[in-house]
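So you can see what is in the structure, the chains are spelled out below.
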Amino acid sequence: MLLNPNQLNRKYPDARSGEIMAATVDFFESRGKARLKADDHARAWYSDFLDHIGRERIFASLLTPSEYGASDCRWDTYRISEFAEIVGFYGLNYWYPFQVTALGLGPIWMSDNEDAKRKAAAQLEAGEVFAFGLSEQSHGADVYQTDMILTPAEGGWTASGEKYYIGNANVARMVSTFGKIGDTDEYVFFAADSQHDRYELIKNVVNSQNYVANYGLRDYPVTEADLLHRGPGAFHAALNTVNICKYNLGWGAVGMCTHAMYEAVTHASNRYLYGTVVTDFTHVRRLLTDAYARLIAMKMVATRASDYMRSASPDDRRYLLYSPLTKAKITSEGERVITALWDVIAAKGVEKDTIFEAMAREIGLLPRLEGTVHINIGLLAKFMPNYLFAPHSGLPLIGRRDEAADDSFLFNQGPTGGLGKVRFHDWRAPFDSFAHLPNVALLREQIDVLAEMLASATPDAVQQKDIDFAFGVGQLFATVPYAQLILEEAPLSGSEKGCDEALIDEIFAVLVRDFNTYAVELSDKSATTDAQARFAMRMIRRPVFDQARYDQVWKDHVLPINGAYQMRP
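Keep in mind that this is a model prediction, so the values were computed, not measured.

Student: Looking at this structure, I do not really get the domain arrangement of the chain. What am I missing?
Tutor: Where the parts come together, the accessible area they lose is often given as the size of the interface. Per the domain assignment, the segments of the chain are domain 1 (15-128), domain 2 (132-236) and domain 3 (238-560). A separation of 35 Å is found between the C-alpha centroids of domain 2 and domain 3. The interface of domain 2 with domain 3 comprises 7 residues on the first partner and 8 residues on the second. Of the roughly 570 Å² buried between domain 2 and domain 3, counting both surfaces, carbon and sulfur atoms make up 68%. Looking at the side of domain 2 facing domain 3, the largest losses of area belong to Phe 132, Phe 235 and His 236, adding up to 76% of the total buried there. Linking domain 2 with domain 3 are 0 salt bridges. For the pair domain 2 and domain 3, the interface holds 7 residue pairs in polar contact (both at pLDDT 80 or more). When residues of the side of domain 2 that touches domain 3 are assigned to their parent elements, the largest contribution, 3 residues, is made by helix H8 (residues 232-245).

Student: What's the story with the environment of Phe 431 in this structure? I'm lost.
Tutor: In this structure, Phe 431 sits in helix H15 (residues 428-433). Given a relative accessible area of 2%, Phe 431 falls into the buried group. When the C-alpha atoms of Phe 431 and Arg 444 are compared, they prove to be 7.1 Å apart, with 13 residues separating the residues in sequence. Excluding residues within four positions of it along the chain, Phe 431 makes contact with Val 440, Leu 443, Arg 444, Ile 447, Val 480, Ala 483, Gln 484, Leu 487 and Phe 508.

Student: Hey, could you run me through empty space enclosed by the protein in this one?
Tutor: Gaps between atoms show up when a probe of the same size as a water molecule is rolled over them. Here the structure, examined in full by the defined rule, presents 3 cavities of 30 Å³ or more. Volume-wise, the largest cavity comes out at about 90 Å³. As for the largest cavity, its lining consists of 13 residues, of which Leu 36, Asp 40, Tyr 90, Gly 91 and Ala 358 are closest to the centre. Residue assignment for the lining of the largest cavity shows that the elements contributing at least two residues are helix H2 (33-42), helix H6 (92-109) and helix H12 (355-362). Within the lining of the largest cavity, the residues separate by chemical class into 7 nonpolar, 3 polar and 3 charged. Both domain 1 (15-128) and domain 3 (238-560) contribute no fewer than three residues apiece to the lining of the largest cavity. When its volume is computed, the second largest cavity comes out at roughly 60 Å³. Lining the second largest cavity, in full, are Trp 75, Thr 77, Ile 80, Ile 244, Tyr 247, Asn 248, Met 309 and Leu 410. Put simply, the parts of the chain that give the lining of the second largest cavity at least two residues each are helix H5 (77-90) and helix H9 (247-269).

Student: Got a minute to help me understand the nonpolar core in this structure?
Tutor: Side chains of a nonpolar character, in soluble globular proteins, are inclined to be buried together. Within the largest apolar cluster, 173 residues are counted, with the highest numbers of intra-cluster contacts made by Trp 75, Phe 83, Trp 109, Ile 486, Ile 504, Ile 507 and Phe 508. Ranked by residue count, the leading element in this core is helix H10 (residues 282-310), at 15 residues. Residues contacting Phe 83, with those up to four places away along its chain left out, are Ile 20, Met 21, Thr 24, Ile 53, Ile 58, Phe 59, Leu 62 and Phe 98. With 21 residues, the next largest nonpolar core counts Trp 157, Tyr 199, Tyr 211 and Tyr 215 among its residues.

Student: Before we go on, may I ask you to explain the layout of surface pockets in this structure?
Tutor: Considered as a void within the structure, the second largest pocket measures approximately 960 Å³ in volume. If you go around the second largest pocket, you meet 30 residues; those closest to its centre are Met 1, Leu 2, Asn 9, Lys 299 and Gly 494. When residues of the lining of the second largest pocket are traced back to their parent elements, those giving at least two are H5, H9, H10 and helix H21 (547-558). Looking at the lining of the second largest pocket, the element that brings in the most residues is H10, giving 5 residues. Residue composition of the lining of the second largest pocket, by class: 14 nonpolar, 7 polar and 9 charged. Split by domain, the residues of the lining of the second largest pocket number at least three in each of domain 1 (15-128) and domain 3 (238-560).

Student: Help me understand H5 in this model?
Tutor: Three or four residues apart is the spacing at which side chains of an α-helix point the same way, because the helix has 3.6 residues per turn. Its 14 residues place the ends of H5 20 Å apart at the C-alpha level, agreeing with the 20 Å of an ideal helix rising 1.5 Å per residue. Of all 14 residues making up H5, 14 are buried, and the element is well covered by its neighbours. For H5, the N-terminal capping position is held by Asp 76, with its side-chain oxygen 2.9 Å away from the main-chain nitrogen of Tyr 78. Taken from the residues just after H5, Gly 91 is the one with a positive phi, measuring 135°.

Student: For this particular structure, what's the right way to read the state of the cysteines?
Tutor: One pass over the full model with this rule turns up 0 disulfides. Note on Cys 257: no disulfide assigned, nearest cysteine sulfur contributed by Cys 499 at a separation of 18 Å. A residue is classified by how much of its surface remains accessible, and Cys 257, at 0% relative accessible area, is buried.

Student: I keep staring at the pairing of strand E5 (residues 186-192) and nothing clicks. Help me out?
Tutor: Each regular strand displays side chains that alternate between the two surfaces of the sheet. For E5, a buried count of 6 out of 7 residues is recorded, marking the element as mostly surrounded by other parts of the structure. Sheet topology places strand E4 (residues 175-181) next to E5; 7 bridges connect them, and they run antiparallel. Within E5, the position partnered with Val 175 by the bridge is Ala 192. Between E4 and E5, which pair antiparallel one after the other, the connecting turn spans 4 residues, and Asp 185 there sits at a positive phi close to 65°. With 3 bridges joining them, E5 and strand E8 (residues 227-230) adopt antiparallel strand pairing. If you follow Phe 189 over to E8, its bridge partner there is His 229.

Student: Please clarify how the pattern of salt bridges should be interpreted in this entry.
Tutor: If the charged atoms of two oppositely charged side chains come close together, the side chains can form a pair. Across all of its chains, the model carries 57 salt bridges by this definition. The closest approach of N and O atoms between Glu 125 and Arg 57, which form a salt bridge, is 2.9 Å. You can see Glu 125 sitting in helix H7 (residues 114-125) and its partner Arg 57 sitting in the loop between helix H3 (47-55) and helix H4 (58-63), a full 68 residues away along the chain. Arg 57 sits in the partly exposed class, given a relative accessible area of 23%. Across the pair Glu 333 and Arg 336 runs a salt bridge, and its minimum N-O distance is 3.5 Å. One end of the pair is Glu 333 and the other is Arg 336, both in helix H11 (residues 319-345) and 3 residues apart, which spans about a single turn. For Arg 336, a relative accessible area of 33% puts it in the partly exposed group. The network of salt bridges with shared partners includes Asp 14, Arg 74, Asp 76, Arg 79, Arg 310, Arg 401, Glu 403 and Asp 407.

Student: Teacher, can you tell me more about the environment of Gln 137 here?
Tutor: Mapped onto the elements, Gln 137 comes out in the loop between strand E1 (131-133) and strand E2 (149-153). Along the backbone, Gln 137 and Asp 343 are 206 residues apart, and their C-alpha atoms lie at a distance of 36 Å.

Student: Sorry, what's going on with unusual backbone geometry here?
Tutor: Where the residue is not glycine, phi is negative for most of them; where a peptide bond is considered, it is trans in most cases. Phi is positive for Tyr 165, which is not a glycine, with a value near 65°. With respect to the helices and strands, the residue Tyr 165 is situated in strand E3 (residues 156-167).

About the criteria used
- Residues numbered from 1 in each chain as written.
- Predicted model: local features only at pLDDT ≥ 70, side-chain atom pairs only at ≥ 80, totals over all residues.
- Heavy atoms only, no water.
- Domains from an automatic or database assignment.
- Contact = heavy atoms within 4.5 Å.
- Buried area = accessible area lost by both parts, 1.4 Å probe.
- Salt bridge = Lys/Arg side-chain N within 4 Å of Asp/Glu carboxyl O.
- Polar contact = N/O pair within 3.5 Å; in protein donor to acceptor, adjacent residues only side chain to side chain.
- Helix = DSSP H or I, 4+ residues; strand = E, 2+ residues; numbered from the N terminus.
- Buried < 20%, exposed > 50% of the residue type's maximum accessible area, 1.4 Å probe, protein only.
- 1 Å grid on protein atoms, 1.4 Å probe; cavity = no way out; pocket = protein on both sides within 12 Å on 5 of 7 lines; lining within 4 Å.
- Points joined across faces, edges and corners; volume = space filled by probe spheres on them.
- Nonpolar A, V, L, I, M, F, W, Y, C, P; charged D, E, K, R; others polar.
- Core = buried A, V, L, I, M, F, W, Y, C linked by side-chain atoms within 4.5 Å.
- Expected span 1.5 Å × (residues − 1).
- Disulfide = S-S within 2.5 Å.
- Pairing = 2+ DSSP bridges.

And the structure:
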């Protein structure tokens, strides 16, 4: 179930998608690990990678809606996901220019400015990358505040202000820039050109291959032709773009952890300490098995969330829960996977010639991009009442969405807000389908106690505004849709019969333990009432350990990783 670049076997409805993935893998494998690591340590700008992207028309094919591109162009979340996983597999430095290009394109494809859209499509065909000029040093990504001000001038406006943390802003010919019109206080998105003489590239704010810019506009001329959005539409475009692209962070984490897993298991399986193969130590087996279970769960959730992203419509907005869930939960799980693997390989994890060294250094960035974990977990709370207590039986059952089609609704999401009105199907149904697995049944019991607490000892208004307390409740709640997506994906993943049930139960043993941890943490919060603390303690369950199941997962899933993939030297 793990990505193996030597065995690309994802099924597509068209040949072009497979060509994109194969060409991407070939670029990295042909360069080899030594060159990849040397460029990383030298912080070398990846012009050769961007040249490859342009020459092979990869961003043009993946990120241009079919209405504006050639016959192989579409915005298809299913195939975008595998590309994000592949570039993440070779390093965050290569995932990043893809991610910020996707962000930069969001306000353009959401715009009514047809000329800007055609210009963007032409630039993608020419191999250009894009940038998303939202964040500022003082305000971060707070869309309610901006110091980028447009002042009326002959022929339009002049823009002055600075942006910070903006990837690709050193080269992007269309930088989607967020600001305000000074005399009307209207939000605005406009396209700026990084090569214009009134565009000042101040510095790279990070020490890496990426160029994450601080740039300034100094009386930069802006005309109506440059405007992408004006008024409330600019505000909505900012949030809706993040709704789409934060999902990609989960796939970046999956790719990074997968490469690290290959290195760690192969190293541990071929190393002897105290006369014993390292993988024969019980604690090593537990660490590697847990890491594998977490990684497979990450991939299953991200894959299933894609189906909901692709099925989104004005009447089906479930994706608004699953996108921040993917961002917050999967990226956090990625950190836990890397930590567990690092506990196994120890000093090997800092050796400069390993891929692991880069993954360990960079995995912590993903939970902290496109909003922190606290912000995204807090966002999930808005969905909690309807999700847990008001299932909607009229919503369609979603199957695998891997057809060759544009995900056009993502660029027509409409006004943001109303998250508390979003409805969901009954989360209990997938649990019922796997109720025969003991740890699935245990997690269901824990969730039932959580629901009882929320109904009987409902957090009051003060508690709901307490971010620390809300995060504690949110961590418990986030486990529910996370588990739901795993169970929905299980019949669709793995072999023709679906995912191995022994593996599913092992994954849920991990989730039960995690739920216990979150429950104890909630009981310890200063804002938690005595009644809520008693409910939290009632949530605790001991996972069911089955030696035969555990041994099967180790033998069938973890051990075969040894030597299954090694990057070309």
